[in-house]
Amino acid sequence: MAKLSAVNKNKKRIMLSDKLYKKRKALKKIVMDKKISLEERFKAQQKLSKLPRNSAKIRVMNRCEITGRPHGVYRKLKISRIALRQLGLQGKIPGLVKSSW
């Protein structure tokens, strides 16, 4: 089980990134548009830098929904490889069979 503080920190990042997604996108659009004057682009860049760092989508980490493990997480299932194996062995995931050869 991962540290509860790390899991909570990641949840906070997810909430912040969802909350400020539209604002960040609009500011980035202004910054990247070469047709807009340099002054306006610079002001947009300053507004963007004033937003909290944790509101960036890149700062969100993929974590296992069950254990909170940060590594070895399948994106589609949102669980780690270890949790997937345990659930598969318990027969809780339909169609998943332990391989043997």
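Report follows, based on the coordinates.

### Things to note about the pattern of salt bridges
- Applying the stated criterion across every chain yields a total of one salt bridge.
- Among the ionic pairs, Asp18 bridges to Lys57, the shortest N-O distance being 3.6 Å. Note that Asp18 is positioned in helix H1 (residues 4-19) and Lys57 in the loop between helix H3 (38-50) and strand E1 (73-74), a separation of 39 residues in sequence.
- Classification of Asp18 as partly exposed rests on a relative accessible area of 48%.
- Look at Lys57 and you get exposed, because its relative accessible area is 54%.

### Regarding helix H4 (residues 81-90)
- Turning to H4, its buried residues are Ala83, Leu84 and Gly88. Projection of H4 onto a plane perpendicular to its axis shows the buried side chains occupying an angular sector of 135 degrees, all on one side. Across from the buried face of H4, at angles greater than 90 degrees, the exposed residues are Arg85, Leu89 and Gln90.
- Here the buried face of H4 lies against E1 and strand E2 (79-80).
- Two residues or fewer after H4 comes Gly91, characterised by a positive phi angle close to 80 degrees.

Rules used in this analysis
- Residues numbered from 1 in each chain as written.
- Predicted model: local features only at pLDDT ≥ 70, side-chain atom pairs only at ≥ 80, totals over all residues.
- Heavy atoms only, no water.
- Salt bridge = Lys/Arg side-chain N within 4 Å of Asp/Glu carboxyl O.
- Helix = DSSP H or I, 4+ residues; strand = E, 2+ residues; numbered from the N terminus.
- Buried < 20%, exposed > 50% of the residue type's maximum accessible area, 1.4 Å probe, protein only.
- Arc of directions from axis to C-beta.
- Contact = heavy atoms within 4.5 Å.

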